[in-house]
Amino acid sequence: MDEVTVKIVNKGKQPLPEYATLGAAGMDVRANIDEPYTLAVGARTLVPTGLYVELPRGYELQLRPRSGLALRNGITLVNSPGTVDADYRGEIGVIVANMGSEPFVINPGERICQMVVTRYSHVTWELGETLDDTARGDGGFGHTGLK
């Protein structure tokens, strides 16, 4: 497990993101809204968090759906995972969508998504004419069948 210190500014009314358990990879992020907001079926909205971060170079912050909200209510993030780059300094917003069968009420302080901070790599492309062969080859979606 990698440990990193990240500078954070909380201009919202909610507590900082936190891990629910010692083994959790993601921290719960709360909706920084003043009153309940009803998200209609099939609709999406940008939920403010009141959070601003200064990530070290070589790190990104990913926003991911909460599995319980996804299973029970069909609540997901449209651009999952949402990426916050190390040089972004604006407020972190969460694009939430209701893929469920009923309207969903987002309450102030609702745990709306998970946040994961992770390293990334920059790629230097090496242009070629062919690629090395593998056992899979060019087998795409569903090529291994159902087992």
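Everything below is about the structure shown above.
Residues numbered from 1 in each chain as written. Predicted model: local features only at pLDDT ≥ 70, side-chain atom pairs only at ≥ 80, totals over all residues. Heavy atoms only, no water.

Once that is clear, we can look at the overall build of the chain. Looking only at helices and strands, one finds one helix and twelve strands in the chain. Listed by position from the N terminus, the elements making up the chain come as β-β-β-β-β-β-β-α-β-β-β-β-β. Split into buried and exposed, the 147 residues of the chain put 32% on the buried side. Sequence separation of 24 or more characterises 71% of the internal contacts of the chain that already satisfy a separation of 6 or more. Accessible surface, the chain as shown: approximately 10500 Å² in total, 51% of it carbon and sulfur. Averaging the positions of the 14 positive and the 18 negative side-chain charges in the chain gives two centres separated by 6 Å. (Helix = DSSP H or I, 4+ residues; strand = E, 2+ residues; numbered from the N terminus. Buried < 20%, exposed > 50% of the residue type's maximum accessible area, 1.4 Å probe, protein only. Contact = heavy atoms within 4.5 Å. Areas by Shrake-Rupley, 256 points an atom, 1.4 Å probe, with all protein chains shown as cover. Lys, Arg positive; Asp, Glu negative; His and termini not counted. Charge placed at Lys NZ, Arg CZ, Asp CG, Glu CD.)

It is worth spelling out the sheet that holds strand 5 (residues 44-48) at this point. If you trace the three strands from one edge of the open sheet to the other, you get 5-10-8, paired in antiparallel fashion. In the strand order of this sheet, the two ends are held by strand 5 and strand 8 (75-77), each with one partner. Within the sheet, the average angular offset between the axes of one strand and its neighbour, ignoring direction, is 40°. Relative to strand 10 (residues 93-98), strand 5 is paired through five bridges, and the arrangement is antiparallel. In the strand pairing of strand 10, arginine 44 is matched with alanine 97. (Pairing = 2+ DSSP bridges. Axes fitted to C-alpha atoms, helices over the stretch in contact; angles between N-to-C directions.)

Before going further, it helps to examine the pattern of salt bridges. Any two side chains of opposite charge can pair, so long as their charged atoms come close to each other. Here the structure, examined in full by the defined rule, presents four salt bridges. Where aspartate 2 meets arginine 119, a salt bridge forms, and the shortest distance between an N and an O atom there is 3.0 Å. One end of the pair, aspartate 2, is in the segment before strand 1 (7-10); the other, arginine 119, is in strand 12 (residues 111-119), and 117 residues separate them in sequence. Assessed through its relative accessible area of 45%, aspartate 2 is described here as partly exposed. Linking aspartate 28 and arginine 111 is a salt bridge whose minimum nitrogen-to-oxygen distance equals 3.0 Å. Of this pair, aspartate 28 sits in strand 3 (residues 27-30) while arginine 111 sits in strand 12, placing them 83 residues apart in sequence. (Salt bridge = Lys/Arg side-chain N within 4 Å of Asp/Glu carboxyl O.)

This brings us to the environment of leucine 61. Within the fold, leucine 61 resides in strand 7 (residues 59-64). In the structure, leucine 61 is positioned 57 residues away from threonine 118 in sequence and 6.4 Å away in space, judged by C-alpha atoms. Those residues in contact with leucine 61 that lie beyond four places of it in its chain are Val53, Leu55, Gly82, Thr83, Val84, Ile92, Met115, Val116 and Val117.

Purely geometric numbers; function is a separate question.
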